[in-house]
Amino acid sequence: MQLIIAEKPKQAEKLAAPYPSVKRDGYIEIKPCDRFPAGAKLAYAVGHLCELQEPAHYDAKWKRWNYDHLPIIPERFDYRLSRGKSKAFQVIKKLLNERTTTSIIIASDAEREGEAIVRLILRLANNAKPIQRLWISSLTPQAVDHGFANLLDGKETENLFHEAMSRACADWLIGMNASRAYTTLLKKKGIADVFSLGRVQTPTLSLIVEREKQIENFRPETFFEVEADFTRYKGKYINIKKQTKITERSLAETIVARTTGTGIVAAVDKTEQVEKPPFWFSLSLLQTEASRRFGLGAKETLDIAQKLYIRGWISYPRTDSSFVSKDEASQFPTILKRLLKQPEYTELTDIVTNNITNNKRYVNSAKVSDHYAIIPTEEAGAVAKLTGRDAQVYDLIVRRFLAAFAPDARSEKTEIVTEREQDRFITKGSRSLELGFKKVLKVEAKEQELPALEIGQQVPIKSAKLLEKQTEPPKRYTEGTLILGMKTAGKVLENELQAIMKEIEGLGTEATRAGIIDGLKRREYIQVKKKELHPTAKGRILIEAVSGSILASPEMTAKWESRLDQIGKGEASAAQFVDQAKKLSQHLVQDAKTRVEQLEVDPTQVPAKRARGATNRPVGICPVCQAELLDRGKFYGCSAYQKNNCGFTLPKMILGARLTQTELKKLLANGKTKPLDMKKNGRTFQAMLYLEQNQLKFEFVKGEA
C-alpha cells in the first residue's frame, strides 16, 4: 500500500476526490480502486512541520544576542518539529512505519518549498522506503488522476530539496548573524530596537529607500510649451527634433507672439496600429495588475489565488511562466465552453473565437519550467459564487485568459503638422477601428477624433498660449511595481515582453516576494500611504548602516538566486553554496562593526520599544553582578546587560508554572521557591526552583520524581 503525503488538509481532500475514500483521524483512506488496487492512505502536513533549530541548540552561549559571540556558524544544520505540529507528524510517522506501507508518494505543491516540507518530515521520521513524486499544476479530478498515473521517480525532484535546504540554511546564517550584529551594535548607538536583516529582505528595502532618496533629492526643472488653437483642433510647437519642450521662457513668449493669422496644413499622416492581447499571468504579473486595478497587496493577491487553486478553479499560482504547453492547450475547448456558459461572459461568445492551440505567443513548452501560466481550469466555477476581492481576482484571471482568443485591437493613429511661417505645430489623434480583445478586458479605447484635413489647407489661428510645466520626480513604489522591481533586481525594462521573455536574475522568487514585502511592513521598515510604499526612520537607518555593502546589493542577491536555481537543476553544488554563505556571514559580522562605528545617527528617530508586559522596574538583585534585576516582560533580566555584558535572565514561565515576583524574591533571598505545579509530557508534578552556580535547577517534592 502506498502512503501519499499532501501539504495541507484541503489539498489532501482534492487529491482524494477522484477516488472512493473515507476520512480517518488525521488522514484519508482511499479504498481499493483502478488507480490504487491495494488502496492507499493519504496523510497531510499543515504547512511547514519542520524548522531549523535555534542557535542555542548548537551552543548555549548563542541564546543571548551578544556581538562578541558572533559569527554563529554551526558545523551542521539540524531541524526540529515546529511548535504545535506534533500531532500531524506523529500520524505521518505511524503510517510510514506500518508494515503495509510499501512506498511513499510526495504530493505537496509541485515546487521547491513543497518538496522540502515533505522530505524534511521523511528525514525526521527516518524513512527508508522508496519515494515517488506527484507533479501537477491543477487540482481538478482529471489533473489529479493523470498525475497519479504518471508519477515521477523521487530522484527526479530531489535537487529541488537541495535547493530549498541551501536557501534555508544560507538565509538562516545571514539572518542570524547580520540581525544580531546590527541590532547589538546599533543598541550601543542608543537605538533599542530589533533590526532584522535578510539576504532578500534587505536589498528589497534598499530599493524603497533609494527611491525615496531620489524623490527627496529631485529638483524640478521648469520648461515651457506653446499650444496653438487652430479653431477645429489644437497643436503644440515642435523644434527640428519634433520635441515640444522649450527651456527658455523668452523663446516661448516670442513664439506665442508670432503665432497669429493663418496656419497651413503641411502633413497628414495616418497609420494603422495593431495591438495584440496581453500575455497570460505569471504570479508577479497578476500581483502587479491586481495592485494597479484594485490596490491589492501582493500577499493578499497570492492568498486569493491560492484559495482559487485549492478550489480547483485555476492552475498553480506560484509560477513564473506566462505560457502553457501543448498538453494544457488541449483543454482549451472544454475551459472555454465552461466559462462562456456563465452570464458574466456569455456576451463574449462571438468574439473569443480564435484558435490559439499552435500560437507560440501562448503555447510554448520551451517557456514552461515547473508550472504553466495562471489560467482557469476545466473545473472553473462561476464567478457569481464569489464576492469582493476574490471575485475581482478571479474575474481578472478569466478575462485575461479569454482575451487571448479574441482578435487584435486595431486603431488608426493620425498625426497632423501645421506650419506658421518658420514654426511647426504637431497634433496627434486616435480612433478605434476594432476593439478586439479590449472588449473582453473592458478596456476603453482612448478616442481623440481629428477633423478631415488636406495638405495645403489654410486654417485660422484662434489663439496661442504659453504652458509652464515642471519635470516630475520618480514615482514611489506600490506593492505591484515593487514586485516587478524585485523580479528585475531594480533594473528598468522597456516593456512587458522583455520582462517575460528574458531570463532575469531577480530578488526572491515568485513564491517568496509577497512574503518579503509583508515582512517589511510587519517589521515597521515601510508604511503604506495611499497605496505607495514609504520607508520609515527605522528602515532608513538600517539601509544607511548597510549602504554599499553586499547586504544592500540587489545584483549580488540576484546572482545568489541564479546559483540556487542551478542547484535545483543539478548544475551546482549545494555544499559549496552553503560554505560560501558561512564565509559571507563571517565577513558581514566584521563589516558591520566598521560600518556602525562610522555611522552618525540620531537615536530619537527610532523610539525604544518596551516588550509586552514589561515594566522595566527593579524586582531584585542580580546574583551574578549585583546590579538590579528588572521586569522585562516575558523574563527577568539584569540591568547591566549593556554596561558589562551580564546575561543573567530568569524566565517567567517554567513548564507551565509562573515565577511570580513573590517567588522570585524567595528564590533570590532564600535560594528556593515554594513547590510549584508543573507539567511535562502530559504528566503533572510539583517541584521547587533553586539556583546552582546561577543556573536554574529543579528540586522535586518528595514522591514526585
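Anyway, here's the lowdown on the structure attached to this text.

Reading the values: rules and limits
- Residues numbered from 1 in each chain as written.
- Predicted model: local features only at pLDDT ≥ 70, side-chain atom pairs only at ≥ 80, totals over all residues.
- Heavy atoms only, no water.
- Patch = residues over 30% accessible without salt bridge, like charges linked within 9 Å, V, L, I, M, F, W, Y side chains within 5 Å.
- Areas by Shrake-Rupley, 256 points an atom, 1.4 Å probe, with all protein chains shown as cover.
- Salt bridge = Lys/Arg side-chain N within 4 Å of Asp/Glu carboxyl O.
- Lys, Arg positive; Asp, Glu negative; His and termini not counted.
- Charge placed at Lys NZ, Arg CZ, Asp CG, Glu CD.
- Helix = DSSP H or I, 4+ residues; strand = E, 2+ residues; numbered from the N terminus.
- Pairing = 2+ DSSP bridges.
- Axes fitted to C-alpha atoms, helices over the stretch in contact; angles between N-to-C directions.
- Contact = heavy atoms within 4.5 Å.
- Core = buried A, V, L, I, M, F, W, Y, C linked by side-chain atoms within 4.5 Å.
- Buried < 20%, exposed > 50% of the residue type's maximum accessible area, 1.4 Å probe, protein only.
- Arc of directions from axis to C-beta.

## As for a positive patch on the surface
Together, K10, R311, K337, R338, K341 and K385 make up a positively charged patch on the protein surface. Considering the arrangement of structural elements, one finds K337 in helix α11 (residues 332-340).

## Re the sheet that holds strand β25 (residues 676-680)
With antiparallel pairing, 3 strands are arranged side by side in an open sheet as β25-β26-β27. The open sheet has two edge strands with one neighbour each: β25 and β27 (695-700). Strand after strand, the sheet turns through a mean of 55° between neighbouring axes, direction not considered. Taken together, the 5 bridges between β25 and strand β26 (residues 683-692) define a ladder with antiparallel strand orientation. Directly across from D677, in β26, lies its bridge partner Q686. Set on the sheet, helix α21 (residues 661-670) makes contact with β25, β26 and β27; between it and β26 the angle comes to about 45°.

## Focus on the nonpolar core
W280, F332, Y394, F401 and L402 are the most contacted members of the largest nonpolar core, which totals 161 residues. Considering each element in turn, this core owes the most residues, 14 residues, to helix α5 (residues 158-188). Those residues in contact with F401 that lie beyond four places of it in its chain are W280, F332, I335, L336, L339, I375 and P376. In this structure, C622, A657, L659 and L676 belong to the second largest nonpolar core, which totals 20 residues.

## Remarks on the pattern of salt bridges
Under the criterion given, the structure shown has 50 salt bridges. R167 is paired through a salt bridge with E163; the nearest N and O atoms lie 3.6 Å apart. With R167 and E163 both in helix α5 and 4 residues apart, the pair spans about one turn of that helix. For the residue pair R167 and E163, the accessibility class agrees, reading buried in each case. A salt bridge links K569 to D565; the shortest N-O distance between them is 3.0 Å. Among the charged side chains, a network of salt bridges with common partners joins R112, E113, E163, R167, D171, R199 and E561.

## Structural notes on helix α4 (residues 141-149)
Every buried residue of α4 is accounted for by A143, V144, G147 and F148. All buried residues of α4 fall inside an arc of 130° around its axis, so they share one side.

Structural measurements only, silent on function.
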